[in-house]
Amino acid sequence: MRDVIIIGCGGGGPVMAKELAAQGLDVLVLEGGARFADPENEWSRLDNDANNPTSGYFRVGPSDRSKPPYIRSLPRPSYVWQVAGVGGTTLHYYANNPRSQVGTFLGYDGPDKDLYDTAHLFPFSLEELRPYYEWVEETLPVRPAPIGTKENVFFRGAEGIGLKVNHSKEPRRFGYRAQQNAILQPGGTAGKVKDPQYPEAQGCTMCGHCSQGCSMPRRAPRNLKAKRSTDNSYVPMMLTADAWSPGGRPAELIADAYVQKVITEKRNGVPTAVGVRFQIQPEGEHYEERAKIIVMAGGAVETPRLWGNSDLPNPNGWVGRGLTDHHLDWVVGMFDEYTGTSRGQNSAARTDFPGYGAIENVGFPPGLNAFAQTYSDNGFSGSKRNGSPATLAGADSMGRLVGDDLRSMMSNVDGILNCLVIPDDDVEWQNRAVRQVPDLVDTNGPIARIDMMHRKRSARTYNNREFLAAKAVQLLRAAGAKRVHRMDWPPLILHSHSSMRMGLDPSNSICDEWSKARAVDNLYIADNSMLANGAGGSNPTLTTQAIVTRTAERIMTQHFGGEPWVKGNAPVSSTDSRISDAMDAIAA
Amino acid sequence: MSTPPVALERVVPMGTAEFAGSLNLAVLTHTFLALVQAVGLAQLRPIFEQPSRNGYLPFAPMSPHPSVPEPPGQPPAPPRSPLNGHSRRAFLASASAGLGLLALGTVPVTADAAEPRFIEDAFAGLAAFVLPGNDAYSKQQKKTFPGPGGVAAGGGVVTRESLDIYVPIQVGEKILPAPGALGYAIILKTITLSVDPLAVFGPFANPFANLTWTKKRTVLERLEDLPILNGSTIGFSANALTTIAGLGVYSERSSFDPRTRQLTGRPVAWDYSNYGGRSDGWPEFIGYLDGVTEVPNP
Ligand SMILES: Cc1cc2nc3c(=O)[nH]c(=O)nc-3n(C[C@H](O)[C@H](O)[C@H](O)COP(=O)(O)OP(=O)(O)OC[C@H]3O[C@@H](n4cnc5c(N)ncnc54)[C@H](O)[C@@H]3O)c2cc1C
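Residues numbered from 1 in each chain as written. Chains lettered and ligands numbered in written order. Predicted model: local features only at pLDDT ≥ 70, side-chain atom pairs only at ≥ 80, totals over all residues. Heavy atoms only, no water.

Draft legend 1. How the structure looks around the interface of chain B and chain A. On the chain A side, the residues contacting the 99 residues of chain B number 128 residues. Summed over both sides, the interface between chain B and chain A buries roughly 9900 Å², with carbon and sulfur atoms accounting for 59% of that surface. Scanning the region where chain B abuts chain A turns up 7 salt bridges. Between aspartate 280 of chain B and arginine 218 of chain A there is a salt bridge whose closest N-O contact spans 2.6 Å. (Contact = heavy atoms within 4.5 Å. Buried area = accessible area lost by both parts, 1.4 Å probe. Salt bridge = Lys/Arg side-chain N within 4 Å of Asp/Glu carboxyl O.)

Written out as structure tokens, the structure reads:
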């Protein structure tokens, strides 16, 4: 019997594991995807080999790439961009770590408070969460991103549309800033040469491959790889908790272990989580393991699926409902000058529009740029439109780019600049991720199904997207773009949240304000699904990790007789040399 | 670390394992059933309604995905078949061949679907559409570019490989080759014949590749619009075909050895996108905005 079993080793699960392992609990982490223990050799960092949605090494599927990916029932058209493996979707992520917008919290009383999704606020104040934000920001650590050419071009555009710089972690007015991100700042030869090596180079080497997994600088210990995806930060910490935390106990990790059921028993008439069943993928043995506390951290799609497959109660019908995805869009500008879009950090600059969302600059190698430019809900550019309600928003053209249009836009990958439009979108009952009904089954049970009413979003969501798309077009023109194209993406679900949301109101939430499942005892949720809303258009992971830290403290104090440890203390950084040494010992 | 320690309690499978063999068959069956329904070929239905060898009924009807509602303010479009009378027969022949393969795993493939180039030509035709070049497929579509294009870049290969792994066919112990791509090659052919029946005459084994560029676009638009694919597990991939090809035509695939997962040279797509190539680093670090390297807490 374990103290705690954590299902999923992505953005949230390892945070819970690290905090509780540091307190000396017996923690087991089960991850359905690959281990990725040797990234320098395992990750080619090539567009298709890494990012192909069905066969790439970053996909949702078992580690054996000759086997098909896990199949979901998806809305049409759409694409869900997640990764199964130790690190989860943070393997892909750009490590942007803004705090949730101030108006998404209970008690916010600013003059713009009505601009937010006021029916679905976080069930606590920003002041309550601040110490946990600070704790995670110091653990990862989070700092302002370094600037390269594409950031300079982006900032020129931001200035050109009248925005002012605002470095604040909690912006309350429109402005631009370097991303607060969790990528170690460049030191030594990093960012200065093409072939940097640790220890001469430290931190980000500006290689441009955040999307293909960060294994740079070469030869650096795992916890000193630049990008703080959890595989490089919280996972090394959870595995070495005895080395850096007095009384700590290393968490145990099993990869390729897919949990198919949360086991419950009735205690005092209340369903109570007591264990899990899992299978080694793709066709290995089945196991059952018990624990005092079960934590679901499979992400905003798989957590509601597992909930359904475990026949857990759904008294208010909100399981899987209220999925937010930021209703993303993409605007690209073509320049006569070098923009450096394929180089440097994939996303290091942003503009904030509190109450509306944000726009960030994103750069890629050519394959992913072309992927982004051929994905549209608006038909082929220059041909018939597809009935989408999106407008040109001032752009020269809209829709999928193919043929001469694609060749011209892509003739110089370092002569384009991309804007990712990230609206603050509403929690809506209609949008959901659930267990497939009626059942279509894979080896792990009935598959997940996603419904996203893309063309029927709330008026606020739609208007925020149009507002931001127009700002992106203006920004690119002000930066000097010769041609601006809007994609009008279908759902590209890479920020997925709030499908098992926390809230004050039991009639429209699954978790209470401590991320504990209301309907099941001893069961907590520690991934994006428990977020109360879409974080105001802020990239979600930092907020998830801060809330998970708060929940870890709650579990320790409520169930294991511990004392709180966050307020008034400073955390050990994930870059600590004790972690590097202990990881070396594990590898040896 | 990845093998479960003995301390864990092994249990007997819960009954999901027996579904494994029939899953992919079920998924592909959805595709074909959707098309069958689209063209009113009800006579093919009984084939799907047989329980599979594993005792799992592969076709479980799904409630439709409501995610692509009609645009606001417009009356719903009348139901439309992508096929005319002539091509219904062609579809029946192709679909039967596909189904024979799928459901039985043994039936020899008939006519054009058996052509070794039937699948390759479909996806090379798609790659040439997404990025024309100086290849034969681009010439056939009457839209070319004086230099390598999507075909040379391996865009067709990427699309085919992606579909095959996404929709492989596994019947019991047997895994049949190229079925996902075969399914889509048949779908592309079928819609092609509704756009231009004369496309059966041409240099390529799949009529889609014999079309002009503009007609290819019409075929892909019809594929995107086919309402019958709503609610199928592959509906999203029908819309993603062009996007996967987009990734492919700008990817490393022309110079990538899938066995070693190493580059064998510089990919052509890197030349025509003026890409500096994969690197461990770039001298791109200029400094910090306003020199700010740390932001104080509020
Ligand atoms: C291209 C891209 C860029 C992004 N950039 C950013 C960014 O800059 N900033 C930001 O904040 N966010 C970003 N994101 C989003 C970010 O990656 C997610 O917010 C974060 O990873 C979510 O964490 P999670 O724990 O909810 O889910 P995940 O990270 O998806 O982790 C879930 C894990 O659980 C495993 N799992 C699921 N079900 C089971 C089961 N039943 N049994 C065992 N294991 C299971 C999965 O395999 C997976 O590894 C980006 C995403 C993408 C795709």
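Draft legend 2. Here's a closer look at the site of the ligand. All names here are of chain A. In the vicinity of the ligand lie 35 residues, with Glu31, Thr89, Asn96, Asn528 and Thr541 positioned nearest. One of the backbone nitrogen or oxygen atoms of valine 259 is found 2.9 Å away from a nitrogen atom of the ligand. Bound to the protein, the ligand loses 97% of the 990 Å² it would expose on its own. Breaking the shell around the ligand down by element, the ones donating at least two residues are strand 10 (257–267) and helix 8 (299–309). In terms of residue count, strand 10 provides more of the shell around the ligand than any other element does, 3 residues in total. (Near = heavy atom within 4 Å. Polar contact = N/O pair within 3.5 Å; in protein donor to acceptor, adjacent residues only side chain to side chain. Areas by Shrake-Rupley, 256 points an atom, 1.4 Å probe, with all protein chains shown as cover. Helix = DSSP H or I, 4+ residues; strand = E, 2+ residues; numbered from the N terminus.)

Draft legend 3. Structural detail: the pattern of salt bridges. Residues and elements named next belong to chain A. Evaluation of the coordinates by the stated rule reveals 59 salt bridges over all chains. Lysine 225 serves as the salt-bridge partner of glutamate 40, at 2.7 Å between the closest nitrogen and oxygen. A residue pair is termed long-range when its members are at least 10 positions apart, and glutamate 40 in helix 2 (residues 39–42) and lysine 225 in the loop between strand 8 (201–202) and helix 6 (234–239) qualify at 185 residues. Looking at lysine 225, the relative accessible area reads 2%, which means it is buried. Between aspartate 521 and lysine 516 there is a salt bridge, with its nearest N and O atoms 3.3 Å apart. Owing to a relative accessible area of 16%, lysine 516 belongs among the buried residues under this scheme. Several salt bridges converge on common partners, so that one network encompasses Arg99, Glu127, Arg130, Glu137, Lys169, Glu170 and Arg172. (Buried < 20%, exposed > 50% of the residue type's maximum accessible area, 1.4 Å probe, protein only.)

Draft legend 4. Seen up close, the packing of helix 4 (residues 117–130) of chain B against helix 8 (residues 213–225) of chain B. Residue and element names in this part refer to chain B. Where helix 4 meets helix 8, the axes come as close as 10 Å, and the angle between the chain directions of the two elements is 110°. On the basis of their axis angle, the class for helix 4 and helix 8 is roughly perpendicular. Of the residues in helix 8, those touching helix 4 at Gly125, Leu126, Ala128 and Phe129 are Trp213, Lys216, Arg217 and Leu220. Residue classes in the contact of helix 4 with helix 8 are distributed as 5 nonpolar, 1 polar and 2 charged. (Axes fitted to C-alpha atoms, helices over the stretch in contact; angles between N-to-C directions. Parallel < 35°, antiparallel > 145°, perpendicular 65-115°, else oblique. Nonpolar A, V, L, I, M, F, W, Y, C, P; charged D, E, K, R; others polar.)

Draft legend 5. How the structure looks around the pairing of strand 22 (residues 483–486) of chain A. Residue and element names in this part refer to chain A. Every second residue of strand 22 is oriented toward a common face, with Arg483 and His485 on one face and Val484 and Arg486 on the other, all of them buried. As defined by bridge partners, strand 13 (residues 329–334) adjoins strand 22 across 4 bridges and the pair is classed as antiparallel. Looking at strand 22, one finds that methionine 334 is bridged to arginine 483. Of the pairings in the sheet, the one linking strand 16 (residues 397–398) to strand 22 comprises 2 bridges and is parallel in character. Paired with serine 397 across the strands is histidine 485, a residue of strand 22. (Pairing = 2+ DSSP bridges.)

Draft legend 6. Seen up close, the confidence of the model for chain B. The pLDDT averaged across chain B works out to 69; a share of 54% of its residues lies at or above 70. Reported confidences for the modelled complex are a pTM of 0.90 and an ipTM of 0.96. (pLDDT = per-residue confidence, 0-100.)

Draft legend 7. Focus on the packing of aromatic side chains. Residues and elements named next belong to chain A. Under the counting rule described, the total for this entry stands at 33 aromatic pairs over all chains. Residues phenylalanine 154 and phenylalanine 155 carry aromatic rings whose centres are separated by 6.3 Å and whose planes lie at 70° to one another, so their mutual orientation is edge-to-face. An aromatic cluster is defined as three or more aromatic residues linked by ring pairs; in this entry it consists of Tyr79, Trp81, Tyr94, Trp330, Phe364, Phe371, Tyr375 and Trp489. The lysine or arginine in question, arginine 321, covers the ring of tryptophan 429, its NZ or CZ lying 4.0 Å from the ring centre. Positioned above the aromatic ring of phenylalanine 380, the side-chain terminus of arginine 400 is 5.6 Å from the ring centre. (Phe/Tyr/Trp six-rings, centres within 6.5 Å; stacked < 30°, edge-to-face > 60°. Lys NZ or Arg CZ within 6 Å of the ring centre and 35° of its normal.)

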